Amino acid sequence: MTNQFVNLKVGIFLLLGMSFWGCSQSNEFKGEEKATLTSPPNVPLPITRNYNTKVIVDLEVVEKTKNISEGVDYTFWTFGGSVPGRFIRVREGDLVEFHLSNHPDNKMPHNIDLHAVTGPGGGAASSMTAPGHTSTFSFKVLNPGLYVYHCATAPVGMHIGNGMYGLILVEPKNGLPKVDREYYVMQGDFYTKGPYGQRGHQPFDMEKALKEQPDYVLFNGSVGALTGDNALKAKVGERIRLFVGNGGPNLVSSFHVIGEIFDKVRIEGGDQENHNVQTTLIPAGGSAIVEFKVEVPGTLIIVDHSIFRTFNKGSLGMLKVEGSEQKDIYSGKISDSVYLPEGGAIQTVNGGAVKVPVAKTKEDKMAFGKQKFEAICAACHQPTGVGVPHAFPPLAKSDFLNADKKRAIHTVLNGLQGSINVNGETYNSVMPKLDLTDEEIANILTYVYGSWGNAGYSVSPEEVKSARSEKSTAPAQQGH
């Protein structure tokens, strides 16, 4: 009788214990929700719940051909159809159920390695997925931070190099401090058979990738992804947070915003915080969270400060800030006086002459010329040809250009130094000689003449060749 009573008590204790354990497990996560995924530069809204839940992530791999630059196509391998892939936002302690689908039209198997995962391959071991299939696995996010995810299918570098990377933010349990705007920016390096700007479809070049010699270094997957109408936006007085990643596969980013100082930088996306930072390093496969307040209006330029990458390979973005001027913080130019040091000469810059398809029509010339202008000339003369006051003369409605087509050809051929008058203003700067082909010069000038209210002249390669064969004139002496 006594033994039966003891056994009954033990059984009740075990049942109660199992019941309590089961309740504690189920209470760890309340309900479930489907993750909101966003394409760059957008970010899902901050998490407002104060409990952990099961988060369902549905992400599709899509192999698609899009522009890497104007007139240049590339076949990207993507998470969700964009480069970088969709932004994922969860809370520390959440249970993530991940569904990775590989579109039936794709040609390659793919998987995903999330740096936020504690487990073999960051999920790669559980997510290898053939075209037309879906793989499912789950993980608990243990550590807060901003983490890279990428494909880890062999050859891993090729999959990443084709654009297979993105960011997952694991918010700390108490959330992040409130800001006015959040944006998603991710850098990557791309390796194409043809050089930067060569038109047509460009396949991946493994030899360049192995030598770590990219043709393009880009923010958000294409030249101009964050410029013009695609520029990020803010208003004076707002606090901005940028979630910045570097997919690589090879290069380290020297991330910098010209005209701003980062008030806070969460180094490598973790807990450690630096203050008053000018440029922050982001390794391949790493990230950073940067915050700053915008105090004055204008266009801030986002760059990789390994600066040839910015002005020659595409890693340039813009943050356009609107609002009232704050003269006590930034005055703008107060005066402009003449400074004439000794020396100075025409410089020679190797522009890297590139064989391009021959333009057959004026429309071709305009298209090819625009592409080359934006790659070489726009940094000084601006994308809309307005120039920079007192520094670089305008090309838009330029009386200097429109008065003499032959002089314009010689200017591009030989460079220009000395004083000239353009639209009633005097400019005294140096334009370097550029190593361009006759075809490229003809296309650039045709584009300039055909834009911004200019005379509409068409310039032929034969005219450039004829000018090249003549004794170089001194265009600086022919100003108005």
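Treat the numbers as computed from the prediction; the structure is a model and nothing was measured.

> Can you help me understand the overall build of the protein chain in this one?
Across its full length, the protein chain carries ten helices and 25 strands. Looking at the protein chain as a whole, 46% of its 480 residues qualify as buried. Contacts in the protein chain between residues far apart in sequence, at least 24 positions, make up 70% of those at least 6 positions apart. Accessible surface for the protein chain amounts to roughly 23500 Å². Of this, 54% is attributable to carbon and sulfur atoms.

> What exactly am I supposed to notice about the pairing of strand β21 (residues 316-322) here?
Looking down a regular strand, the side chains alternate between one sheet face and the other. The pairing of strand β13 (residues 232-235) with β21 spans four bridges and is classified as parallel. By the bridge assignment for β21, Lys-235 is matched with Glu-322.

> What exactly am I supposed to notice about the sheet that holds strand β4 (residues 88-91) here?
Picture the strands of a sheet paired through backbone hydrogen bonds; they go either parallel or antiparallel. Taken in spatial order, the four strands make up an open sheet running β4-β9-β8-β6, and their pairing is mixed. Here the strands that pair on one side only, and so sit at the sheet edges, are β4 and β6 (113-114). Across six bridges, the pairing between strand β8 (residues 145-150) and strand β9 (residues 165-171) is antiparallel. Residue pairing for β9: Leu-146 is matched across the bridge by Leu-169.

> I would appreciate a short explanation of the side chain of Asp-113 in the present structure.
Among the structural elements, Asp-113 can be located in strand β6. The charged side chain of Asp-113 is buried without a salt bridge, its nearest counter-charge being Arg-86 at 20 Å.

> Would you take a moment to explain the sheet that holds strand β16 (residues 262-266) for this structure?
Strand order in the open sheet made by the six strands is β12-β10-β14-β19-β16-β17, with mixed pairing throughout. The sheet is open, and its two borders are formed by β12 (216-219) and β17 (273-277), each paired with just one other strand. Strand after strand, the sheet turns through a mean of 20° between neighbouring axes, direction not considered. Examined bridge by bridge, strand β10 (residues 181-190) and β12 share four bridges and lie antiparallel to one another. Its bridge partner being in β12, Gly-188 is matched across the sheet by Leu-218.

> Would you take a moment to explain the packing of helix α9 (residues 438-449) against helix α10 (residues 461-469) for this structure?
In a pair of packed helices, the angle between the axes and the distance between the axes together describe the arrangement. Put simply, α9 and α10 touch, their axes get as near as 8 Å, and they point 115° apart. Pair α9 / α10 crosses with right-handed handedness. Of the residues in α10, those in contact with Asp-438, Glu-439, Ile-441 and Ala-442 of α9 are Pro-461, Val-464, Lys-465 and Arg-468. Here the contact of α9 with α10 is built from residues that sort into four nonpolar, no polar and four charged.

> How do you make sense of α9 when you look at a structure like this?
An α-helical turn contains 3.6 residues, so a residue and the one three or four places further along point in the same direction. Along its twelve residues, α9 runs 16 Å from first to last C-alpha, staying within 8% of the 16 Å computed at 1.5 Å per residue. Of all twelve residues in α9, twelve are buried; the element is thus mostly enclosed. Restricting attention to buried positions, one finds in α9 the residues Asp-438, Glu-439, Glu-440, Ile-441, Ala-442, Asn-443, Ile-444, Leu-445, Thr-446, Tyr-447, Val-448 and Tyr-449. Against the buried residues of α9 lie α5 (362-376), α7 (399-403), α8 (405-414) and α10.

> What is the right way to read the packing of aromatic side chains from this model?
Aromatic ring pairs are defined here through the distance separating the ring centres and the angle between the ring planes. Taken as a whole and judged by the stated rule, the model has 16 aromatic pairs. Ring plane angle 25° and centroid distance 6.0 Å describe the contact between Phe-137 and Phe-139, whose orientation is recorded as stacked. The same class applies to Phe-137 and to Phe-139, which are both buried. Aromatic side chains Phe-219 and Phe-255 sit 6.1 Å apart centroid to centroid with 80° between the ring planes, which places their arrangement in the edge-to-face category. Of this pair, Phe-219 sits in strand β12 while Phe-255 sits in strand β15 (residues 253-258), and the two are 36 residues apart along the sequence. Residue Phe-219 is classed as buried on the basis of its relative accessible area, which comes to 3%. One aromatic cluster is present, formed by Phe-219, Phe-255, Phe-262 and Phe-292 through successive ring pairs. Its end group placed over the ring of Phe-76, Lys-66 keeps NZ or CZ at 5.8 Å from the ring centre. Stacked on the ring of Phe-400, the Lys or Arg Arg-407 has its end atom at 3.9 Å from the ring centre.

> Which parts of the structure should I look at to understand the pattern of salt bridges?
Think of it this way: side chains of opposite charge can pair up when their charged atoms draw near. Applying the stated criterion across every chain yields a total of 22 salt bridges. Its salt-bridge partner being Arg-181, residue Glu-238 comes within 2.5 Å of it at the nearest N-O pair. Within this pair, whereas Glu-238 is found in the loop between β13 and β14 (239-248), its partner Arg-181 is found in strand β10, the two being separated by 57 residues in sequence. Among the charged side chains, a network of salt bridges with common partners joins Arg-89, Glu-171, Glu-182, Arg-241 and Glu-291.

> Looking at this model, I keep getting lost on the confidence of the model for the protein chain. Mind explaining?
In low-pLDDT segments, the atomic positions of the prediction should not be examined closely. Residue-level pLDDT values for the protein chain average 89, and 88% of them are 70 or greater. Low pLDDT, under 50, characterises residues 343-349; the stretch is placed with 17 contacts to residues that sit more than four places away or in other chains. Here residues 472-480 is a poorly scored stretch, pLDDT under 50, and it has 24 contacts once near neighbours within four places are set aside; other chains count.

> Looking at this structure, I do not really get the environment of Glu-325. What am I missing?
For Glu-325, the location among the structural elements is in the loop between β21 and β22 (348-349). Along the backbone, Glu-325 and Gly-298 are 27 residues apart, and their C-alpha atoms lie at a distance of 9.0 Å. Within the structure, the side chain of Glu-325 is placed 3.0 Å from the side chain of Lys-327, a separation counted as a polar contact.

> Help me out: how do you make sense of the side chain of Thr-280 in this one?
Topologically, Thr-280 is positioned in strand β18 (residues 279-282). Setting aside residues no more than four positions away along its own chain, Thr-280 makes contact with Ser-253, Ser-254, Phe-255, Phe-262, Val-265 and Val-290.

Cut-off values and rules
Residues numbered from 1 in each chain as written. Predicted model: local features only at pLDDT ≥ 70, side-chain atom pairs only at ≥ 80, totals over all residues. Heavy atoms only, no water. Helix = DSSP H or I, 4+ residues; strand = E, 2+ residues; numbered from the N terminus. Buried < 20%, exposed > 50% of the residue type's maximum accessible area, 1.4 Å probe, protein only. Contact = heavy atoms within 4.5 Å. Areas by Shrake-Rupley, 256 points an atom, 1.4 Å probe, with all protein chains shown as cover. Pairing = 2+ DSSP bridges. Lys, Arg positive; Asp, Glu negative; His and termini not counted. Salt bridge = Lys/Arg side-chain N within 4 Å of Asp/Glu carboxyl O. Axes fitted to C-alpha atoms, helices over the stretch in contact; angles between N-to-C directions. Left-handed = near helix turned anticlockwise from the far one by under 90°. Nonpolar A, V, L, I, M, F, W, Y, C, P; charged D, E, K, R; others polar. Expected span 1.5 Å × (residues − 1). Phe/Tyr/Trp six-rings, centres within 6.5 Å; stacked < 30°, edge-to-face > 60°. Lys NZ or Arg CZ within 6 Å of the ring centre and 35° of its normal. pLDDT = per-residue confidence, 0-100. Polar contact = N/O pair within 3.5 Å; in protein donor to acceptor, adjacent residues only side chain to side chain.

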